[in-house]
Protein chains: 2
Amino acid sequence: MAIGHEVGEKFGLPYLQDLHMDEDLMSKHPVLQVLQTDDLQYDTRSAFTLSINHRQTFTGITDHDRSLTTRRFAELYSEVCESETNGIEALGKEFRTPGHIPVCRESEGGLSSRQGHTELAVGLARLAGVTPVVIGAEMLQPDGDLALPVDEARKWAAERNIPFLTGEELMTALGI
Amino acid sequence: MAIGHEVGEKFGLPYLQDLHMDEDLMSKHPVLQVLQTDDLQYDTRSAFTLSINHRQTFTGITDHDRSLTTRRFAELYSEVCESETNGIEALGKEFRTPGHIPVCRESEGGLSSRQGHTELAVGLARLAGVTPVVIGAEMLQPDGDLALPVDEARKWAAERNIPFLTGEELMTALGI
């Protein structure tokens, strides 16, 4: 699940990379020091924040459970914005960590500062005028081994009348 | 991925719940306090430890990448045990966190202390005499909404000549 920077702020959700690189914590758990993400092949930092489950899920694994977690997260963000409730407290009443929904937080500045899947997904939501909480999925080749090439994804979408956007088109539309 | 208690010990992998409930860390990130897992519907504690990616993966998402991460993790554990290398250092050379493989760590005592999916998966590996590093998957109903009932899973396995074991059979075979 990709969430806007302002959603991460409202709910006080830290980047896992920052959480794990806390000096005190690293001295207590040396494995955090050695597992540092300093060699991402697609970017300089990982977008992951805390994973979550809605407290009313059972395992959190089924589509039913995942749907509850993701839908309520987006709804709760809207509710919190409208009512000016404390976001962190409201989040804790309904959600727990660790969970089965990995969450990625948009970089501050969005697509202007980072052009990752997270920022693209959130950018699309902004363009559509909906809550910046989006489910992203990677399209794989039919045998699942590798990412689907762009041309094949475009063809798949055309066959189903699904709009196909490139990152560049999205950024142009957003005026970036 | 489910890993044996001794694997978690060798690699110094903490339970996320313990990591997140560090007093200093909670005071820096109040959201950790409110997102506490204190209401699991299937157990008293979550088995999650740090998620990982092999450093040679690209996104970490494709089957190819996931296979590299999980296969090398199991191989590395065997290598470290044979060579008496420092497990934590060896792990850090090949892996990073956060990643796209969520890892669950067996409770100390295994099935004698907790009968979760993690302990059952690891228990099966012990019975088979292989490295206690196992991929577990939840079988869903064809529409993906809910967990597949046991009778349907049994039928599915029978149709494909796949051995079907219950947790009770596994525990009996392990003498628990």
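Cut-offs applied
- Sequence positions are assigned chain by chain, starting from 1 and proceeding in written order.
- Chain letters start at A and ligand numbers start at 1, both assigned in the order the entries are written.
- With the structure being a predicted model, the display of local features is reserved for residues of pLDDT at least 70 and the display and counting of side-chain atom pairs for 80 or more, all residues being used for whole-chain, interface and lining totals.
- To obtain the side-chain values, all non-hydrogen atoms of the structure were used and water was disregarded.
- For this analysis, a ring pair means two rings from Phe, Tyr or Trp (six-membered ring only for Trp) whose centres lie within 6.5 Å, classed as stacked if their planes differ by under 30 degrees, edge-to-face if by over 60, and tilted for the remaining angles.
- Labels follow the DSSP assignment, with helices taken as runs of H or I lasting at least four residues and strands as runs of E lasting at least two, numbered in each case from the N terminus.
- Exposure categories follow from relative accessible area, calculated using a 1.4 Å probe and restricted to protein chains: below 20% of the type maximum is buried, above 50% is exposed, and the middle band is partly exposed.
- Any pair of residues with heavy atoms lying within 4.5 Å of one another is described as a contacting pair.
- Note on terminology: a nonpolar core comprises buried Ala, Val, Leu, Ile, Met, Phe, Trp, Tyr and Cys residues joined through side-chain atoms within 4.5 Å.
- Patch rule: a residue counts if its relative accessible area is over 30% and it has no salt bridge; like charges are joined within 9 Å, and nonpolar side chains (Val, Leu, Ile, Met, Phe, Trp, Tyr) within 5 Å.
- All accessible-area figures derive from a Shrake-Rupley calculation using a 1.4 Å probe, and residue coverage is judged against the displayed protein chains alone.
- Each reported salt bridge corresponds to a side-chain nitrogen of Lys or Arg within 4 Å of a carboxyl oxygen of Asp or Glu.

1. Re the packing of aromatic side chains
Residue and element names in this part refer to chain A.
- Within this structure, the stated rule accounts for six aromatic pairs over all chains.
- A ring pair is formed by Phe-73 and Phe-95, whose centres lie 5.9 Å apart and whose planes are at 75 degrees; its orientation type is edge-to-face. With a gap of 22 residues between them, Phe-73 in helix α5 (residues 63-83) and Phe-95 in strand β3 (residues 95-105) connect regions that are remote in the sequence. Comparing Phe-73 with Phe-95 shows no difference in burial state: the two are buried.

2. Some remarks on the side chain of B:His29
- Along the chain, the position of B:His29 falls in the loop between α3 (23-28) and α4 (30-34).
- Since its relative accessible area comes to 19%, B:His29 is described here as buried.
- Those residues in contact with B:His29 that sit more than four places away from it in its chain are A:Pro14 and A:Leu19.

3. Some details on the nonpolar core
- Membership of the largest hydrophobic core comes to 58 residues, with the highest contact counts inside it found for A:Phe73 and B:Phe73.
- Not counting residues within four places of it along the chain, the set of residues in contact with B:Phe73 comprises B:Met1, B:Ile3, B:Val7, B:Phe11, B:Leu13, B:Ile52, B:Leu91, B:Phe95 and B:Val133.

4. Re a nonpolar patch on the surface
- A cluster of nonpolar side chains, contributed by A:Leu124, A:Leu127 and A:Leu165, occupies part of the molecular surface with about 260 Å² of accessible area.
- Its location among the elements puts A:Leu165 in the loop between α8 (150-159) and α9 (167-173).

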